[in-house]
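The lines below spell out each chain.
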Amino acid sequence: MIPAARRVRRDLFSVVIPTLNEGDLLRMTVDSVLGETRYPDYEIVIVDDGSTDGSCDPYRQTDRPIRVVDGGGLGVAKARNLGADRVDGEYVVFLDAHCTVSPDWLSRMAKALRDRQVGLIGPTFTQLHEPEPRGCGVAWIDDGMDTTWYEPMEGNQPYDIPLTIGACQAFRTEAFHSMGRYEEGFASWGSEDLEICLRAWLLGYRVLGDPVATVAHYFRDERNYEVDDHDVNYNALRMLFLHFSAPRIRRILRAVGGVVGLDRALDAVYESDVFKVRAELEAVRRRTDDWYCREFAPALA
Amino acid sequence: MIRKEGARVASMADTAEGEWKGKKVHFKTNRLIVKLKPVESDSRSALESNMDAIRAEVPDGAMVRPPTATGRMVLSVAEGEDIPKLAKKLSKRADVEYVEPDVIDSAQVIPNDTRYPQQWGHPKIGSPKAWDLQTGDPSKILIGIIDSGISMSAGGALDHPDLNAPGRYILGTDFVDGGTPRDLNAHGTHVAGIAGAESNNVTGVVGMNWGCKLYICRTLDANGNGSSADFADAVEEITDYAVANNLKVVINYSGGGGHNMTKQNACQYASDHGMLLCAATGNDNAGPVIWPAAYSTNIDGVVAVGSSTSSDTVSGFSNVGPEVTVVAPGSSILSTTPTYSVDPSVALNYDTFDGTSMATPFVTGLAALMWSRHPGFSNTKIKDCLKSSAKKLGSGSFNNAWGHGRIDAEKAVRCGDLVFTQFTRFTALTRFTRFTSLTRFTRFTSLTRFTRFTSLTRFTRFTSLTRFTRFTRFTSLTRFTRFTRFTRFTAFSRFPPFSRFPPFEPPVVRPDLLGTEDEPVRPFVRFGGTVFDPRELELHQFEELAGAAPDLAHVGISRLDEIATTEPQQMADALGWDMGEANELVALSQDLMHRIGGAGDSGPQEVEAEIIEGYVEVDEDDDNGGDEEGYDDSGR
């Protein structure tokens, strides 16, 4: 749903941090944003999606520009949308609660987002405490939908990337709402970040990566909360069924064939509203999935 | 002191800059002015003993000028003495009124060129004060002009009285038709005159730069058109010449048009060799900035120049955008034109033109002055100085119309001067000590860390470029555009902005309103572990079933999956066929579905490919509409 003609404050950058039991990492993230960011006008909205570790409590009453919104177990897509409903900024960035940022992260992304063609932008990512950059943007490299870091072009200007990960995605708030926000049909975790990038391209926007603005993200081996394999499968399939043609989906299913629980996930997708949403997106999209694959995922073209 | 005679400022080896009474002054290093207090009696010996006592305290201390009636005398001082310190010390004596350095008033060099009073641009940007500091050093800095050539006789000799000093104008390649770069358009002669006409020569106009040599290449023809391949060759020729002669070069290109990799690579080439390239933003009445000027934001060595007027506003024709670096005088600019007729509308020898083309050589000439004063500076430092010294033409520090401001010649030339102001330095230190809490250090530390990331990124990028050639879309293009001449672009006319993706009105997605639309929801058909679009399964697409289709339509069956999932017995009953035929039909349908699904061997794969192709066509006709043209590059 689109909040009715919500007024945004010009140039304000709203930093939405969804969190679930992130503990000290949340404090590290907030401190980094407050300590590093040089962009003059920003606010922080923490979406507490049911934390039981008390990590959000220090921010419930503070004189700093921080607000806490309670989600209570919505899952990451809905939690981000809830945060977006509560922001006042012309720009909104969704930042994972286990990141540190570079001083110019907001100013560089705000500059790129002024262009109405740009739907969203992501920074360059590094592993937390490791200087070696992981990359800027990701791409699907085979017909099993495996991803790899996208190869950046040279230069210091933002450039087109196929997808960017959800650890840090920034939008014009208006564009975020008109492209349909994070798709709420997704289950707890997975694929919602890549889906919105794919959707942005198909709707006619560009998705950019900034090779200079840097976010150090904690790519961890194990999550601090339960992630259901079924949900992950379901979300991946949902993304395919929202945007891809049947032959392409067949090809992908063949390539990933044998994944445990895929049939159950397929059942769940068929029972969902996925085809209704697909019809809506098909009616308004400006580019086809064939275009996208030719452009960015040759293995799927 | 104004030298109306126009003599160049003599080098003043015996002067220095320093601080006196809290202000920065220029003074003579070998003398002091002493004003004596009147003595009680009119006793010459008392005065003389005072004078001697003072002279004894001054190293050397010879009398340069004996005391005047008012008691002022000038003493010589040995070399190497700290004049302000000595003056301060002597001032404390009871027998003097004051002692001070012999301060030098700076000469403003006003050139004596006869048409100088008509050149409004130079007083506006403070050129006289800049020329006082620097007029251009040909042993360090070169100016490159890539344009329509320069005025010369048919025989190939420089013939313009303001552009024929022996040795100053180096003739490069004529890429248009070979031979000498003879100007057949007037544009190039005009641009060359603005950047570097002979100056202070009691003739015609004055150039922004008086000393540096000009290297002239011709790429624009009689109509002002030129190719990007020629441009690239010219940039490389001039850059290579400068490198070979151990010079820094500021290249002027008062042309432009669309983007291509050839141009971009040429600019990168110059920039990578530490050179600067000043380019015009274009005259499309506030249209977008043209290329190569538009590379200014991503190539360090490119400076994009817009045009300003005599009242310090942005010229109406000057293009706008984030790429504009600075603006410079470009409206009603008087400069040199060919001595022969190239165009009936252009006066011979001198004429007034408008355009960002005219603004660009002001910046080129100025950048060469700046570099002459600070030959150790990098191209980016010169560019930064151009920006930071420019006069802001409104609020804020940057504006798409005026960039970082209108150039200020004196400030620009002074930019980067070492200023020894001890007190300021102490203050700054104090401030740091006072406020340097941990936070500030933390911030510096992490800044360093990020800078390191960036440079690392570059390395990683190069390495992995090789690995994922697949994604570097421009590689092959780059390789080939280098040698083609396909882009003949007009230098002075309007061009559509280059964009891979045209502007669009973003659609609004409202999944919450679904179901109320007329658009039917069409789920994919599941068959075994795979899925099909219903349109893929429509019977008319299968030759094998052509005979049965009418009968099947009669009982309401229009898709392959409907046959494949039906019991043969039921099928036989409905159609009035015998079981053998029904069995065969169902089996064939199931086989066809497996083949579309790609389960079989290479044979069915072909079937799949055909059907997918058919499907794609249907799909695109369906949801493209007319307005998708240009977004979908399937015809590429």
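The rules behind each value
Residues numbered from 1 in each chain as written. Chains lettered and ligands numbered in written order. Predicted model: local features only at pLDDT ≥ 70, side-chain atom pairs only at ≥ 80, totals over all residues. Helix = DSSP H or I, 4+ residues; strand = E, 2+ residues; numbered from the N terminus. Buried ≥ 20, exposed ≤ 12 C-beta atoms within 10 Å, placed from the backbone. Contact = placed C-beta atoms within 7 Å. Pairing = 2+ DSSP bridges. Axes fitted to C-alpha atoms, helices over the stretch in contact; angles between N-to-C directions. Core = buried A, V, L, I, M, F, W, Y, C linked by C-beta atoms within 7 Å. pLDDT = per-residue confidence, 0-100. Expected span 1.5 Å × (residues − 1). Parallel < 35°, antiparallel > 145°, perpendicular 65-115°, else oblique. Right-handed = clockwise from strand over helix to strand, strands pointing away. Left-handed = near helix turned anticlockwise from the far one by under 90°. Nonpolar A, V, L, I, M, F, W, Y, C, P; charged D, E, K, R; others polar.

Caption draft 1: Geometry of the overall build of chain B. Assigned secondary structure in chain B consists of 18 helices and 18 strands. Each of the 636 residues in chain B was classed as buried or not, and the buried ones make up 38%. Summarising the internal contacts of chain B: among those between residues at least 6 apart in sequence, 71% fall at separations of at least 24.

Caption draft 2: Representation of the sheet that holds strand β8 (residues 213-218) of chain B within the structure. Residues and elements named next belong to chain B. Ordered in space as β7-β8-β6-β10-β11-β12-β13, the 7 strands form an open sheet in which the pairing is parallel. Among the strands making up the open sheet, the edge pair consists of β7 (169-174) and β13 (326-329). Taken pair by pair, the neighbouring strands of this sheet meet at an average axis angle of 25°, ignoring direction. With 4 bridges joining them, β7 and β8 adopt parallel strand pairing. Bridging across to β8, I170 finds its partner in Y215. Packing of helix α8 (residues 356-373) onto the sheet brings it into contact with β6 (141-147), β10 (248-253), β11 (276-280), β12 (302-308) and β13, and relative to β12 it is tilted by some 125°.

Caption draft 3: Examining the nonpolar core more closely. In terms of nonpolar packing, the biggest core is built from 116 residues, with V16 and V93 of chain A touching the most fellow members. Here this core gets 8 residues from one element, more than from any other, and that element is helix α5 (residues 192-203) of chain A. Not counting chain neighbours up to four residues away, the residues in contact with V93 of chain A comprise F13, V15, V16, M109, C168, Q169 and A170 of chain A. Listed in part, the 90 residues of the second largest apolar core include L158, A195, A197 and I333 of chain B.

Caption draft 4: Broad picture of the environment of H540 of chain B. On the secondary structure map, H540 of chain B appears in the loop between β18 (530-532) and α14 (549-554). Separated by 19 residues in the primary sequence, H540 of chain B and R559 of chain B place their C-alpha atoms 8.7 Å from one another.

Caption draft 5: Fine view of the environment of W131 of chain B. Mapped onto the elements of the fold, W131 of chain B is located in helix α4 (residues 127-133). Classification of W131 of chain B by C-beta neighbours within 10 Å gives buried; the count is 29.

Caption draft 6: Examining the confidence of the model for chain A more closely. Per-chain confidence: chain A averages 86 in pLDDT, with 94% of residues scoring 70 or above. pLDDT under 50 marks residues 1-5 of chain A. Its contacts with residues more than four places away, or in other chains, come to 3 contacts.

Caption draft 7: View of the confidence of the model for chain B. Residues and elements named next belong to chain B. Overall, the prediction assigns chain B a mean pLDDT of 75, with 75% of residues at 70 or greater. A low-confidence stretch, residues 1-12 stays under pLDDT 50, and its non-local contacts, those more than four residues away or across chains, total 13 contacts. At the level of chain-chain contacts, confidence expressed as ipTM amounts to 0.82, with global pTM at 0.47.

Caption draft 8: A look at helix α6 (residues 228-244) of chain B. Residues and elements named next belong to chain B. Helix length check: α6, at 17 residues, gives a terminal C-alpha distance of 24 Å against a target of 24 Å (1.5 Å per residue), a fit within 8%. Considered for burial, the residues of α6 that qualify are S228, A229, D230, F231, A232, A234, V235, I238, T239 and A242. Of the residues flanking the end of α6, it is N246, one or two places downstream, whose phi is positive at about 60°.

Caption draft 9: Quick peek at the packing of α5 of chain A against helix α6 (residues 229-243) of chain A. Residues and elements named next belong to chain A. The geometry of α5 relative to α6 is characterised by a closest axis approach of 10 Å and an angle of 10° between their N-to-C directions. Compared by their axis directions, α5 and α6 come out roughly parallel. Of the residues in α6, those in contact with E192, L194, E195, L198, R199 and L202 of α5 are N235, M239, L242 and H243.

Caption draft 10: Structural context of the pairing of β10 of chain B. Residues and elements named next belong to chain B. Among the 6 residues in β10, 6 count as buried, and that is most of the element. Judged by which residues are buried, β10 turns out to be covered on both faces: K248, V250 and N252 on one side and V249, I251 and Y253 on the other are all buried. Pairing analysis gives 6 bridges linking β6 to β10, with the strands arranged parallel. Bridging from a neighbouring strand, L142 pairs with V249 of β10. Sheet topology places β10 next to β11; 4 bridges connect them, and they run parallel. Note that in β11 the partner of V250 across the bridge is L276. For the crossover from β10 across helix α7 (residues 261-272) to β11, the handedness is right-handed.

Caption draft 11: Here's a closer look at the packing of α6 of chain A against helix α9 (residues 274-284) of chain A. Residue and element names in this part refer to chain A. Between α6 and α9, whose axes approach to 8 Å, the crossing angle comes to 40°. Classified by the interaxial angle, the pair formed by α6 and α9 is oblique. Seen from above, α6 lies across α9 with right-handed handedness. Only V274, V277, R278 and L281 of α9 make contact with α6, whose side of the interface consists of R238, F241, L242 and H243. Its residues placed into classes, the contact of α6 with α9 shows 5 nonpolar, 1 polar and 2 charged.

Caption draft 12: Focus on the environment of N298 of chain B. All names here are of chain B. By the element assignment, N298 lies in the loop between β11 and β12. Taking the number of C-beta atoms within 10 Å as the measure of exposure, N298 has 17 and is therefore partly exposed. A sequence separation of 30 residues divides N298 from Q268, and the C-alpha atoms of the two residues are 9.4 Å apart.

Caption draft 13: Quick look at unusual backbone geometry. All names here are of chain B. Look at the link from W291 to P292: it is a cis peptide, with omega at 10°. Secondary-structure assignment places P292 in the loop between β11 and β12. For D312, which is not a glycine, the phi torsion comes out positive at approximately 60°. As for its position among the elements, D312 is in the loop between β12 and β13. With 16 C-beta atoms counted inside 10 Å, the residue D312 sits in the partly exposed group.

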